[in-house]
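Report on the structure
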Amino acid sequence: MPASRKKFWGLVAGIILAVLLISAGALWRLSFFFPALSPQQEVALAFYLGGAVLLLITAMAIFGILLDQALFRPLGAVIRGVGIITESNPTHRLEIPGFNLLDELPDALHRLGDRLHNSRREVGEALATGATRVEEQKAWLEAVVREIHEGVVVCHHQARILLYNPAAQRLLDNHEALGLGRSLYAICARGPIEHTLGMLLQHRRDNLSQPAAGIEGRFLCPTVNGAKLLQCQMELIPGRSAAGPVFVITFDEVALQTESPGLTDISLRGPIEALRGPLASLRAAAENLVAFPDMAPVMRSAFENVIAQESSELTDRFEKLVRDCRLLTSTHNSLTDINSGDLFKFVSRRLRETGGPELASSGMPLWFRGDSHSLMLVLTFLAQRIKESSQVTSLSAEALLGDRRVYLALAWPGKPVLPAEIDKWLQQPLPGSVGDLKLADILARHGSNLWSQSHRREGWATLRIPVPISPRQWRQTTEQAQPARPEFYDFSLAEMHGGLGELADRPLNQCTFTVFDTETTGLEPSAGDEIVSLGAVRIVNQRIVKGETFTRMVNPGRTIPKSSVRFHGITDEMIKDQPLITEILPLFKNFVGESVLVAHNAAFDMKFIQLKEDAAGVRFANPILDTLLLSVFLHDHTRDHYLDAIADRLGVEVRFRHTALGDATVTAEIFIRLLDLLKQRGILTLGQAMAAADKMIAVRKQQTMF
């Protein structure tokens, strides 16, 4: 019996008991309430009173039974049925008595159960479809990974292996420590991996808004047993894991086992010096044969044997030299782009972990090429030696731009380090280096050297290491120098197309809009720049019409500057077979029809179109609205009205930026939000909106005067 039913019957029993007690008390003290009654009258009154009480109790019992059968018992069935519907079978039909007071409740619960059943079925189908796709993609991924000739290892926290491919097994000679859940550090040197991972994580934290501006994760890494040297490429896998960052390393073997596991052997000095002996013997033998043509046959035979033996030796040593040259080439290719700011941060951290000195970086960070892990060890080593020799507790680090070189400089208060001391440092092993290299070996790999001199700051000294500059240093400068589109205020859009007539009173929510954008060869249409791409979308009833888009590539009839290619990615090869703008504009005119044109910084795009109207035989006399000017009107609290800034302000997701159709779509989504804001400001008609934009043209002109 449900608890509610027990409570109900407990309440009914309590009421009946209370009635009985009150009635009994009343009968017992009947003479007290009615003293004038005779004994016969008291008996009669007691009879009637007792009968009334009995009838009342009987009525209460009948009412209780009715409620129990028609309400509480069905409710119990409903509770049990709902449990079945929610937990087991949503299509279950409630098993309730035919007579009940639940009215439409069972039918409502049945409908709810049916909807729950349909929802679960749809979710199940979606999950099954998704799971199937995931399994298919997983199978494809496994097949791809299996076929990759480079070793692939995916790891997470503490370099625990999550995945590896057959090539990794082969390259690591089926190492017994290679397995899922095992640490990669048992196979490969920890230092280069930890350093590269740290660099990538630091750079990702510092460049969250520009994930594409990542650094290269290439590095050299020896196996723990020193038998192999691996050229590796590390990438962070996007997303977050509770276990920490997940990364993938692809790798290949740099060289087969060398006579010595250390990279000292990669130097060409030894192999070249080794050629001297055979060459000297060959020369001596040849000179003797030429100088003494009549020498005894025995002597001649001896010299000929020397020539044969030394030629063979020379051939072997030459082959070794060729192998070492290949190794050197591979090593050179392992140099990656490094940001000096990132490198100094890691050197500073390592110095703090190893007892100092403190290192503070200064100046602008520069891009250069190098082996990040090795240079981190070099700077750490030098900072520690300077601390010992100059008795300083802190140093300054900066990167200086020279003639195609970047100079990594350490500075400290004191005198320069003597050349003899530097020579001693150069011959010392570099702790933690791959192959136990000396400081001189690391610098040689970078084509670098080392010297100390007085610092420009009086009383200070500096120690400099030149390293190759990265082309990225110049690319960054060029990209940053790419100007934004200029704003055009030299004419009024409304004046250009004359009066609006009846259109002025048309409500904005009843207008049809064509939102468009262009990509061009440059920013000066009057100086010969041309359209290379045109994209547009339509807005009807304040909604972007899916499927009604216009996108065309355009042959500009001239080459596209590299600075513009970097901006929109359209190359000469991509548009060489495309139609001219004079062929595209009539098509665009048909797409636009009588709709209102909308663009961001519309005067810029319209200038390109206007210059080609006569040649194309069309004229765009449509009303024009500019989202830039409308933004200025609505948000005069800020001066930032670039497309990205407005999108961010209004919560519009920016996708496919710097493509004509992509920018047109973003502009359309922005425009729809601006329409709502215009309505709040009482701008309801097309004429009011264009008048507001015209006012902003004057305001922007005035702003440019200050």
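Residues numbered from 1 in each chain as written. Predicted model: local features only at pLDDT ≥ 70, side-chain atom pairs only at ≥ 80, totals over all residues. Heavy atoms only, no water.

1. Examining the side chain of S564
Short version of the rule: Note on conventions: DSSP H or I runs of at least 4 residues are helices, E runs of at least 2 residues are strands, and numbering of each starts at the N terminus. Polar contacts, as counted here, are pairs of nitrogen or oxygen atoms within 3.5 Å of one another; within protein the pair requires one atom able to donate a hydrogen and one able to accept it, and residues that are adjacent in sequence qualify only if both atoms are side-chain atoms. Should any heavy atoms of two residues lie within 4.5 Å, those residues are considered in contact.
Following the sequence through the fold, S564 ends up in helix α16 (residues 562-568). A polar atom in the side chain of S564 sits 2.6 Å from the backbone oxygen of T521. Those residues within four positions of S564 in sequence are excluded, and the remaining contacts are T520, T521, G522 and G569.

2. A few points about helix α21 (residues 643-650)
Applied cut-off: Remark: exposure states derive from per-residue accessible area (1.4 Å probe, protein chains only) relative to the maximum for the residue type, with buried under 20%, exposed over 50%, and partly exposed in between.
For α21, the full list of buried residues reads L643, A645, I646, A647 and L650. Positive phi appears at G651, one or two residues downstream of α21, with a value of about 75°.

3. Some thoughts on the pairing of strand β16 (residues 596-599)
Just so we agree on the cut-off: The rule for pairing is simple: two strands pair if DSSP sees at least two bridges between them. Seen with the strands pointing away from the viewer, any crossover whose path from the first strand over the helix to the second strand runs clockwise is right-handed.
Residues V596 and V598 line one face of β16 and the alternating positions L597 and A599 line the opposite face, and both faces are buried. Pairing of strand β13 (residues 513-520) with β16 involves three bridges; the strand directions are parallel. For V515, the partnering residue across the bridge sits in β16 and is V598. Pairing between β16 and strand β17 (residues 624-626): three bridges, direction parallel. For L597, the partnering residue across the bridge sits in β17 and is I624. Regarding topology, helix α19 (residues 602-616) serves as the crossover connection from β16 to the parallel β17, and that connection is right-handed.

4. Description of the pairing of strand β15 (residues 543-553)
Bridge count for strand β14 (residues 531-540) against β15 is seven bridges, and the pairing is antiparallel. Across the sheet, residue V537 finds its bridge partner in β15, namely T549. Remark: two residues form the turn of the hairpin made by β14 and β15, two consecutive strands paired antiparallel; N541 in that turn has positive phi of roughly 55°.

5. A few points about the packing of aromatic side chains
The cut-off we apply is this: Only Phe, Tyr and Trp rings take part, Trp by its six-membered ring, and two of them pair if their centres are within 6.5 Å. Stacked means planes under 30 degrees apart, edge-to-face means over 60, and tilted covers everything else.
On inspection of all chains with the given rule, the structure shows eight aromatic pairs. Residues F47 and Y48 carry aromatic rings whose centres are separated by 5.6 Å and whose planes lie at 70° to one another, so their mutual orientation is edge-to-face. Classification of F47 as exposed rests on a relative accessible area of 61%. Aromatic side chains F516 and F588 sit 5.8 Å apart centroid to centroid with 55° between the ring planes, which places their arrangement in the tilted category. With a gap of 72 residues between them, F516 in strand β13 and F588 in helix α18 (residues 581-592) connect regions that are remote in the sequence. The burial state of F516 is the same as that of F588; both residues are buried.

6. Overview of unusual backbone geometry
A cis geometry characterises the amide bond from G356 onward to P357, with omega recorded as 10°. Relative to the elements of secondary structure, P357 occurs in the loop between α10 (340-353) and β7 (358-361). Backbone geometry places N541, a non-glycine residue, at a positive phi of 55°. Summarising the element assignment, N541 is placed in the loop between β14 and β15. Assessed through its relative accessible area of 60%, N541 is described here as exposed. For N601, which is not glycine, the phi torsion reads 60° and is therefore positive. What makes N601 buried here is its relative accessible area of 5%.

7. Remarks on the pattern of salt bridges
Our working definition: Definition used for salt bridges: Asp or Glu carboxyl oxygen within 4 Å of a side-chain nitrogen of Lys or Arg.
Counted under the stated rule, the structure contains twelve salt bridges. Here E548 makes a salt bridge to R538, at a shortest N to O gap of 2.7 Å. With a gap of ten residues between them, E548 in strand β15 and R538 in strand β14 connect regions that are remote in the sequence. Exposure remark for E548: the relative accessible area of 35% places this residue in the partly exposed category. Residue R538 is classed as buried on the basis of its relative accessible area, which comes to 18%. The partner of R619 in a salt bridge is E613, with the nearest N and O atoms 3.6 Å apart. Taking the relative accessible area as the measure of exposure, R619 reaches 51% and is therefore exposed.

8. Focus: the environment of R182
Structurally, R182 is set in the loop between α5 (166-171) and α6 (190-206). Spatially, the C-alpha atom of R182 lies 5.6 Å from that of I161, the residues being 21 residues apart in sequence. Each residue touching R182, except ones within four places of it in the same chain, is listed here: A159, R160, I161, E176 and A177.

9. A word on the sheet that holds β13
Threshold: All axes here are fitted lines through C-alpha atoms, helices being fitted over the stretch that makes contact, and every angle between N-to-C directions spans 0 to 180 degrees.
Taken together, five strands build an open sheet; the order of strands is β15-β14-β13-β16-β17 and the sheet is mixed. Each edge of the open sheet is held by one strand with a lone partner, namely β15 and β17. Here the strands of the sheet are splayed against their neighbours by 25° on average, with no regard to which way each runs. Along the sheet face, α18 touches β13, β14, β15 and β16 and points at about 170° away from the line of β15. α19 rests against β13, β14, β16 and β17 of the sheet, and its axis sits at about 75° to β13.

10. Some points on the packing of α18 against α19
Stated formally: By the definition adopted for this analysis, an angle is roughly parallel if under 35 degrees, roughly antiparallel if over 145, roughly perpendicular if from 65 to 115, and oblique otherwise. Residues are sorted three ways: Asp, Glu, Lys and Arg are charged, Ala, Val, Leu, Ile, Met, Phe, Trp, Tyr, Cys and Pro are nonpolar, and all the rest, Gly among them, are polar.
Contact pair α18 / α19: the axes reach a minimum separation of 9 Å and the direction vectors enclose 95°. As judged from the angle between their axes, α18 and α19 are roughly perpendicular. Contacts between α18 and α19 involve I581, T582, L585, P586 and F588 from the first element and I609, K612, A615 and A616 from the second. For the contact of α18 with α19, the per-class residue count stands at seven nonpolar, one polar and one charged.

11. Brief notes about the nonpolar core
Rule in force here: Residues grouped as a nonpolar core are buried Ala, Val, Leu, Ile, Met, Phe, Trp, Tyr and Cys residues, joined through side-chain atoms within 4.5 Å.
In terms of nonpolar packing, the biggest core is built from 42 residues, with L382, L408 and I465 touching the most fellow members. Aside from chain neighbours lying at most four places away, what touches L408 is L343, F344, F368, L379, E398, A399, L463, R464, I465 and V467. The next biggest cluster of nonpolar side chains, apart from the first, holds 37 residues, and it includes C511, V598, V632 and A692.

12. Section: the environment of I465
With respect to the helices and strands, I465 occurs in strand β12 (residues 460-468). Expressed as a C-alpha distance, the spacing of I465 and L375, which sit 90 residues apart in the sequence, is 9.9 Å.

13. Considerations on the state of the cysteines
Note the following rule: Two cysteine sulfurs form what is called a disulfide whenever their separation falls within 2.5 Å.
This structure, assessed with the given rule, holds zero disulfides. In this structure C188 is not part of a disulfide, and its nearest cysteine sulfur, from C221, lies 4.7 Å away. Under the relative-accessibility criterion, C188 is labelled buried at 6%. Among the cysteines around C232, which has no disulfide bond, C221 carries the closest sulfur, lying 5.1 Å off.

14. Re the confidence of the model for the chain
Which entries qualify depends on this criterion: The quantity known as pLDDT measures the predictor's confidence residue by residue, on a range of 0 to 100.
Of all residues in the chain, 86% have pLDDT values of 70 or greater, and the mean over the chain is 80. Confidence drops under a pLDDT of 50 for residues 209-213, and excluding neighbours within four residues, the segment shows two contacts in the predicted structure.

15. Re the side chain of D663
Take D663: it is sitting in helix α22 (residues 660-680). For D663, a relative accessible area of 3% puts it in the buried group. Leave out the neighbours within four places in its chain, and D663 touches D517, E519, L643, F656, R657 and H658.

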